[in-house]
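What follows is each chain in one-letter form.
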Amino acid sequence: MPTEGSETSDVLQFRIEPLDASRHRREAFDCGVESLTTFLRERARKEVASKTCACFVAVPAAEPGCVAGYYTLSAATIALEQVPPELARRLPRYPLLPATLLGRLACDLRFKGVGLGRLLVVDALARAFLASGEVGSVAVVTDPKEATVSFYEKFGFRRLRADRMLLMMATIRDLLAGAAKGD
């Protein structure tokens, strides 16, 4: 388990996989935000079963039942009129456009400061981008708390409205290509 001041290379010791309620110990998870902790412990399994969202968990390679962090993805729509004009001109003129919602993202307090949040976001973006080849999605959107806006801005997310941010699939493609090259 990482300790305070661990190198960010610790993120290489995690696997990200779909939530499996029979293997992943959700009851031990605590991110310090009650709603996010409660979601994983009490609601995630049911929402995955009902296909409301897909939930992915980061597990330490040495402790595969431990949930170090998680995120959820689901379908969403965005209004074309809310998309910044320089991005909207490249899109079809449908009033609502398909998108992927990065709904929840949290890291257990025991794993803060090791780069796990970044690993989770990059994995979520990669999954969303791959899925957009099978089911249309023009962007990933998220509804961050104000305290996390700057975190998402580091990935290129832009405000869509006061409570929502977006990252276009074309930008995600470029981000992933840069990551593959080591940029």
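Residues numbered from 1 in each chain as written. Predicted model: local features only at pLDDT ≥ 70, side-chain atom pairs only at ≥ 80, totals over all residues. Heavy atoms only, no water.

1. Some details on the environment of Ala124
Worth spelling out the cut-off: Secondary structure is summarised from DSSP: a helix means a run of H or I of at least four residues, a strand means a run of E of at least two, and numbering begins at the N terminus for each. Working rule for contacts: check all heavy atoms of both residues, and any pair within 4.5 Å makes them a contact.
Counting through the fold element by element, Ala124 comes out in helix H3 (residues 116-132). For the pair formed by Ala124 and Thr72, sequence separation is 52 residues and the distance between their alpha carbons is 8.1 Å. If we ignore the near neighbours within four places in the chain, the residues touching Ala124 are Tyr71, Leu73 and Leu102.

2. Considering the side chain of Glu17
Note the following rule: Polar contact criterion, stated in full: a pair of N or O atoms within 3.5 Å, where within protein one must be able to donate a hydrogen and the other to accept it, and residues adjacent in sequence count only if both atoms are side-chain atoms.
Summarising the element assignment, Glu17 is placed in strand E1 (residues 14-18). Polar contacts involving the side chain of Glu17 include one to the side chain of His24, which spans 2.6 Å. The contacts of Glu17, once residues within four sequence positions are left out, are Arg23, His24, Cys55, Phe56, Val57, Val59, Pro64 and Arg127.

3. Looking at helix H5 (residues 169-181)
Turn by turn, an α-helix covers 3.6 residues, leaving residues three or four places apart pointing in a common direction. Selection criterion: To estimate how far a helix should extend, the number of its residues minus one is multiplied by 1.5 Å. Only protein chains enter the accessibility calculation, which uses a 1.4 Å probe. A residue is then buried if its area is under 20% of the maximum for its type, exposed if over 50%, and partly exposed in between.
For H5, with 13 residues, the first-to-last C-alpha span of 18 Å sits near the 18 Å given by 1.5 Å per residue. Listed in full, the buried residues belonging to H5 are Met169, Ile172, Leu176 and Gly178. Among the structural elements, strand E4 (96-107), H3, strand E5 (139-142) and strand E7 (164-168) are those in contact with the buried residues of H5.

4. Overview of the packing of aromatic side chains
So the rule is basically this: Only centres within 6.5 Å qualify two rings of Phe, Tyr or Trp (six-membered ring in Trp) as a pair; their planes then separate them into stacked at under 30 degrees, edge-to-face at over 60, and tilted for everything else. Two conditions define a charge located above a ring, namely a distance within 6 Å from the ring centre to NZ of Lys or CZ of Arg, and an angle within 35 degrees of the ring normal.
In total, this model carries 7 aromatic pairs according to the counting rule given. Judged by centre distance (5.5 Å) and plane angle (70 degrees), the rings of Phe29 and Tyr70 are edge-to-face. Taken as a pair, Phe29 in the loop between E1 and helix H1 (34-49) and Tyr70 in strand E3 (residues 69-79) lie far apart in primary sequence, 41 residues in all. When the ring of Phe151 is compared with that of Phe155, the centres are 5.3 Å apart and the planes differ by 75 degrees; the resulting orientation is edge-to-face. Among the aromatic residues, those joined into a ring-pair cluster are Phe151, Tyr152, Phe155 and Phe157. Over the aromatic face of Phe39 sits the side chain of Arg104, whose NZ or CZ is 3.8 Å from the ring centroid.

5. Quick word on the nonpolar core
Operational definition: Each nonpolar core is a collection of buried residues, namely Ala, Val, Leu, Ile, Met, Phe, Trp, Tyr and Cys, held together in the definition by side-chain atoms within 4.5 Å.
Ranked by size, the top nonpolar core spans 29 residues in total, and within it Tyr71, Leu116, Leu120, Val140 and Phe157 carry the most contacts. Of all elements in the fold, only E1, strand E2 (54-60), E3, E4, H3, helix H4 (149-153), E7 and H5 reach the threshold of two or more residues within this core. Examining the composition of this core, we find that 6 residues originate from one element, H3, more than from any other. In this structure, Phe157 is in contact with Leu125, Val140, Thr142, Tyr152, Met165, Leu166 and Leu167, ignoring residues within four places of it in sequence. Among the nonpolar cores identified, the runner-up in size contains 16 residues, and Val83, Leu101, Ala139 and Met168 belong to it.

It is worth stressing that arrangement in space is one thing and function is another; only the former is reported here.
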